[in-house]
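Coordinates in review
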2 protein chains.
Amino acid sequence: MEILEKMRCFMEPESIALIGVSRNTDSDSFNVLKNLIHYGFQGKIYPINPKTNEILGFKAYTDIREIPEDIDLAVIITPRGTVPDRVKECTEKGVSALVIIAQGFADSDDEGKMLQEKVIEIARKGKTRIMGPNTFGVINAYRGLSTALPRFELAKTPVGVISQSGIFFVGLSNIMFGKAIDIGDCCDIDFADSLAYFEDDTDIKVVLLHMEGVSDGQRFFEMAKRVSKKKPLIALKTGRSEIGRIAAQSHTGSIVGKDEVYNAVFKETGVIRANDEEEAEDLIKSFLTFPPMKGKKIGIMTWAGSTGVITVDACEKHGLKVIDLSESTLDMIRKLSPPSWLPLGNPVDIWACMGLKGFNLANFRDEFKIILEALLADENSDGVVAIIPDFLVLFCSELWDVSTVVKEAAEKYPNKPIAFSVFGPKGVLTEKLNESGKTIAFNSCEKAVNVLAKLNKYYEFVTTQTQSGKGT
Amino acid sequence: MEILEKMRCFMEPESIALIGVSRNTDSDSFNVLKNLIHYGFQGKIYPINPKTNEILGFKAYTDIREIPEDIDLAVIITPRGTVPDRVKECTEKGVSALVIIAQGFADSDDEGKMLQEKVIEIARKGKTRIMGPNTFGVINAYRGLSTALPRFELAKTPVGVISQSGIFFVGLSNIMFGKAIDIGDCCDIDFADSLAYFEDDTDIKVVLLHMEGVSDGQRFFEMAKRVSKKKPLIALKTGRSEIGRIAAQSHTGSIVGKDEVYNAVFKETGVIRANDEEEAEDLIKSFLTFPPMKGKKIGIMTWAGSTGVITVDACEKHGLKVIDLSESTLDMIRKLSPPSWLPLGNPVDIWACMGLKGFNLANFRDEFKIILEALLADENSDGVVAIIPDFLVLFCSELWDVSTVVKEAAEKYPNKPIAFSVFGPKGVLTEKLNESGKTIAFNSCEKAVNVLAKLNKYYEFVTTQTQSGKGT
């Protein structure tokens, strides 16, 4: 596939030309060349700057056409007025992939619109594909590559992002992007092209899409549906409101359709929509941590009736089911509970069982393990949500470690996700749970439920697609 | 008001009797007496335990009636079957306030229901008011008081909570409760009584209500409306779903009405509803940090078009308005922006202004200050939302400190809230903003907008109430 080869020139270039790279390399400067050296980029680097012969030890060229070797990727960092000439030189050089950083094109005034048309016209005559304008270009942490002006931390995570804004290069609260594509104002390379790159990329397991608008809806639909079958796509679709759409159009100059249309497209293509940055991050972490949620039934373990109620509320809101546990599970819990503790059921309240142990938390390991595993073993649960308060730090004592118990339970029942929410301050208990690598401690009970519901929706999409695929 | 005197006996007792306090005082034990000593409770403490003469250096009594002095508050820690007799002794002693820790009453089996009826009958004959059963009782950090079995950290914060569950005693992620009331199964003391205590309490500025159900709707309505005028009440109302209501009934045995009814009540009484624990915390922090949001107009400062779009979406969703800034503000920003940067407006994109400074962030202090203050000064904004990415750590450099700039701006324009959202990892920039004491860095753009919308709703409630009060 030709586009795949082009996308590899963007993402995995052997050689890179920096057209108009700044000679300002002091500590506060935004300098792509300085960044590439810092990241340890392994390919060849060619600065283009007619005002100097050398920058940071690299020979500088006056014109890209002077470079004696082939160039996979060129980055144009010059102001907008000069961009068409530079693009022309790149096409003459036979550059495969080109990033245009500058803004002030179709999103701006008449001159900008004219300049963008010129760029597209020149590019169409050659074989050069363009990312941008108004973009930071690409990040590939696996190769020490970033074409952005500011310096970001790079981390080899299995998370990709395709965005219409460079701000996503900074990552989310606790998630860095191993590979990032900022399609910017999207005059050529778009979501479908970028998705093609991620489809069979083994480095990346989950992809976040930051979308304001899509130019070629049909191509996006087909590509998203194809890639969704192989890895989860999470969409932060913005420009939802009327006024937000106007703002989005002025930001990227692209056409922004009705929000309901996007909801329908996401549903059909298996793309999971996140409401805000925090939910996007919760979903990314969940897809990386949990096994598939194969059904809608939730087993709830709680330390207080109140958080059980909150969790049951959330299950109904997000379409999950809280049904009675099987008799054998209830029998097991009954043996661990005081006789007046009624009704026994789902949620399972571990406070009562602790009462029977004289609230001696340090000795509560066995009961905690038995109940958690009983919930996982139960045929009436497809996944477990557990809520415990932060002050149970004795769950992380020398006598027993909640992290180990959860890890063992997850390994014993590898087909059901266990989502935690720690109530209260996020201290050592939260850290221990997250450290287990088998669960995540979410910021609220509802957030824990929400991710399991969306994991289940994705599982259903993939299953349906595979089955219908078999039928044809 | 008689109830206020009784509530003071619960919250500010001079003397406390612990009926059935455990002799188990080892490190893992849940022991109220040990906790009170640890907290430095200033009043007199009387352990009641017929099996011993002394616990932790305190003379133990066999029966509360033997104590030679008056008792403000008694805490019954014995199993449910023994509770009616202990309550009877307390009424005979003339105890004002009584906490019943045990559970297994109206929320449990027939025996439990019968026991609860007995307790209520005994109490009605005397002057003893009861909190619980199934409660942790009260916390008053200002007096080193907690009647809960587990040991929580106490902190003298201006935040109160009235809950139907002891789990709230643990606090929220970054908010501890200076005073807490767990009304538990609410056989006597209820939300209205607890609200009466907080009405004129100068220690507490904001009160969180965790509500599953209300027994006396009319009294709650009147008291909530009265207290709302004096301080913000934030409600985490659970048992929203059909199945959640059933779970809530089995948890506290109280009647749980339709969710829509609660929405109507909250609207009329000025109570602000939070969807989950995280939103409750965002709101509490906002009411403690920000001045009132007196109108619906938002000025947006952003570092990227994309986060501007996200914020505009959120404003429409939450009923706030993003309108054009005044000509003088636009002129000021125009001077700081490159000529091709169009359209200029609201949101204001500071990336462009940084471009004119050669992206030298260390020198960007003046522009940042000018733009932020222009947005605050503008008659077309009642509050400001600002979104900046985490990597702008040079905003916290030796040359300038974003914390100081924000603090100065907030002091110059003390009538408009400034809510931040830091995009990406929550590092030093987030810390600096929060440290300013004048703003909060929220977990997403939408969360920043949401709190300002709810601040405005509360302001409108208080204003309407005050005006209608004047009219009569």
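Each remark here, short or long, concerns the structure printed above.
Predicted, not measured: the structure shown is a model, and the values here were computed from it. (Residues numbered from 1 in each chain as written. Chains lettered and ligands numbered in written order. Predicted model: local features only at pLDDT ≥ 70, side-chain atom pairs only at ≥ 80, totals over all residues. Heavy atoms only, no water.)

Regarding the sheet that holds strand β8 (residues 137–140) of chain A
Residue and element names in this part refer to chain A. We apply this condition: Strands qualify as paired when DSSP identifies two bridges or more between them. Labels follow the DSSP assignment, with helices taken as runs of H or I lasting at least four residues and strands as runs of E lasting at least two, numbered in each case from the N terminus.
One open sheet accounts for seven strands, arranged β9-β8-β11-β10-β12-β13-β14; its pairing is mixed. The strands lining the two open edges of the sheet, one partner per strand, are β9 (145–146) and β14 (272–273). As paired strands, strand β10 (residues 159–163) and strand β11 (residues 179–182) are joined by four bridges and run parallel to one another. Pairing of Ile162 across the sheet is with Ile181, part of β11.

Some points on the relation of the copies chain A and chain B
Short version of the rule: For the least-squares superposition of copies, only C-alpha atoms count, and only for residues with pLDDT at least 70 in both. Contacts are assigned to residue pairs with any non-hydrogen atoms lying within 4.5 Å of each other.
Of the transformation placing chain A onto chain B, the axial shift is 0.0 Å and the rotation is 180 degrees, giving an RMSD of 0.0 Å. Read as a symmetry element, the transformation amounts to a two-fold axis. In this assembly the copies share their binding face: 100% of the residues contributing to the interface of chain A also contribute to that of chain B.

Description of the packing of aromatic side chains
We apply this condition: In this scheme Phe, Tyr and Trp rings, the latter by its six-membered ring, pair at centre separations within 6.5 Å, and the angle between planes marks the pair as stacked below 30 degrees, edge-to-face above 60, and tilted otherwise. Remark: exposure states derive from per-residue accessible area (1.4 Å probe, protein chains only) relative to the maximum for the residue type, with buried under 20%, exposed over 50%, and partly exposed in between. For a lysine, the NZ atom is tested; for an arginine, the CZ atom; a charge sits over a ring if that atom is within 6 Å of the ring centre and within 35 degrees of the ring normal.
Under the definition given, this model contains 26 aromatic pairs over all chains. Judged by centre distance (5.5 Å) and plane angle (70 degrees), the rings of A:Tyr197 and A:Phe198 are edge-to-face. Across the pair, A:Phe198 and A:Tyr197 agree in class, each one buried. The interplanar angle of 50 degrees and the centroid separation of 6.0 Å between the aromatic rings of B:Phe136 and B:Phe152 together place this pair among those described as tilted. Here B:Phe136, found in the loop between β7 (129–131) and β8 (137–140), pairs with B:Phe152, found in the loop between β9 (145–146) and β10 (159–163); they are 16 residues apart in sequence, far enough to count as distant. Here B:Phe152 falls in the buried class, since its relative accessible area comes to 3%. Taken together, the ring pairs connect A:Phe136, A:Phe152, A:Phe169, B:Trp303 and B:Trp351 into an aromatic cluster. Its end group placed over the ring of B:Tyr61, B:Lys59 keeps NZ or CZ at 4.8 Å from the ring centre. Seen from the ring of B:Tyr262, B:Lys237 lies directly overhead, with NZ or CZ sitting 4.3 Å from the centre.

Quick look at the packing of helix α3 (residues 83–93) of chain A against helix α4 (residues 110–125) of chain A
Residues and elements named next belong to chain A. Heads up, the condition is: Between the N-to-C directions of two axes lies an angle of 0 to 180 degrees, each axis being a line fitted to C-alpha atoms and, for a helix, fitted only over the stretch in contact. Oblique is the label for any angle not under 35 degrees, not over 145, and not in the 65 to 115 range, which are roughly parallel, roughly antiparallel and roughly perpendicular in turn. Gly is placed with the polar residues, together with every amino acid not listed as nonpolar (Ala, Val, Leu, Ile, Met, Phe, Trp, Tyr, Cys and Pro) or charged (Asp, Glu, Lys and Arg).
One can describe the packing of α3 onto α4 by two numbers: an axis separation of 9 Å at closest approach and a directional angle of 5 degrees. By the angle class used here, α3 and α4 are roughly parallel. For the pair α3 and α4, the contacting residues are Val83, Pro84, Val87, Lys88 and Thr91 in the first and Leu115, Lys118, Val119, Ile122 and Ala123 in the second. Looking at the contact of α3 with α4 residue by residue, the classes come out as seven nonpolar, one polar and two charged.

Section: the sheet that holds strand β5 (residues 73–76) of chain B
All names here are of chain B. The strand order across the open sheet built from five strands is β2-β1-β5-β6-β7, with neighbouring strands paired in parallel fashion. The open sheet has two edge strands with one neighbour each: β2 (44–48) and β7. Sheet twist, expressed as the mean angle between neighbouring strand axes with direction ignored, is 20 degrees. Inspection of the sheet shows β5 paired to strand β6 (residues 97–100) by four bridges, in the parallel sense. Along β6, the bridge assignment pairs Val75 with Val99. Where helix α1 (residues 2–11) meets the sheet, its contacts fall on β5, β6 and β7, and the angle it forms with β7 comes to roughly 50 degrees.

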